[in-house]
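An overview of the molecular structure
Spelled out, the chains give:
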Amino acid sequence: EVQLVESGGGLVQAGGSLGLSCVASGFPFDEYVIGWIRQAPGKEREGVSCVSSSDGSTYYADSVKGRFTISSDNAKNTVHLQMNSLNAEDTADYYCAASLSTWCDKNILQAGMNYWGKGTLVTVSP
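The paragraphs below set out a description of the structure included in this document. (Residues numbered from 1 in each chain as written. Predicted model: local features only at pLDDT ≥ 70, side-chain atom pairs only at ≥ 80, totals over all residues. Heavy atoms only, no water.)

Thoughts on the state of the cysteines
Tallied over the entire structure, the rule returns 1 disulfide. Here cysteine 22 connects covalently by a disulfide to cysteine 96, the sulfurs 1.9 Å from one another. Taking the sign of the S-S torsion, -75° for the link of cysteine 22 and cysteine 96, the bridge is left-handed. Of this pair, cysteine 22 sits in strand β3 (residues 18-25) while cysteine 96 sits in strand β9 (residues 92-99); the two residues are 74 residues apart in sequence, bridging distant segments of the chain. (Disulfide = S-S within 2.5 Å. Helix = DSSP H or I, 4+ residues; strand = E, 2+ residues; numbered from the N terminus.)

Overview of the pattern of salt bridges
By the definition in use, this model includes 4 salt bridges. Its salt-bridge partner being lysine 65, residue aspartate 62 comes within 3.1 Å of it at the nearest N-O pair. You'll find aspartate 62 and lysine 65 in the same group, each marked exposed. Of the charged contacts in the structure, one is a salt bridge between aspartate 90 and arginine 67, with a shortest N-O distance of 2.7 Å. Of this pair, aspartate 90 sits in the loop between β8 (78-83) and β9 while arginine 67 sits in the loop between β6 (58-60) and β7 (68-73); the two residues are 23 residues apart in sequence, bridging distant segments of the chain. Here the two residues aspartate 90 and arginine 67 agree in accessibility, since each one is buried. Several salt bridges share partner residues, and in doing so they unite Arg38, Glu46, Arg67 and Asp90 into one network. (Salt bridge = Lys/Arg side-chain N within 4 Å of Asp/Glu carboxyl O. Buried < 20%, exposed > 50% of the residue type's maximum accessible area, 1.4 Å probe, protein only.)

Some words on the pairing of strand β11 (residues 120-125)
Of the two faces of β11, only the one carrying Thr120, Val122 and Val124 is buried; Leu121, Thr123 and Ser125 on the other face are not. When strand β2 (residues 10-13) meets β11, the two strands line up parallel, connected through 4 bridges. Residue valine 12 lies in a different strand from β11, and its bridge partner there is valine 124. Sheet topology places β9 next to β11; 3 bridges connect them, and they run antiparallel. Looking across to β11, one finds that aspartate 93 is bridged to leucine 121. (Pairing = 2+ DSSP bridges.)

Remember that the coordinates give geometry; whether it matters functionally is a separate question.
Shown next as structure tokens:
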């Protein structure tokens, strides 16, 4: 059974930091792209970041570039998303997702993810 389990969401003040983790199971982790997609209330889903577990290449949305860092721990089938300098616009449900793709980019995040987690809520207070 494929599972993606997110953790680390919560409430943080603007300017603060938060780290999200995604533990994957049920598929060959090192053959997949793992990404984070977020959705704020009343807004469209946004691909935030992704990492290729095979070669370590990464992608970041312009809105988080320089503030968020994604990393992959293949030994633990885990992907981390370190989020710094958070602001109210980062408030959203954050979903971990996996794609059988050899690269990660905006298009893969938008339409190419095969498996999804249930999400974790990040709330940034002003």
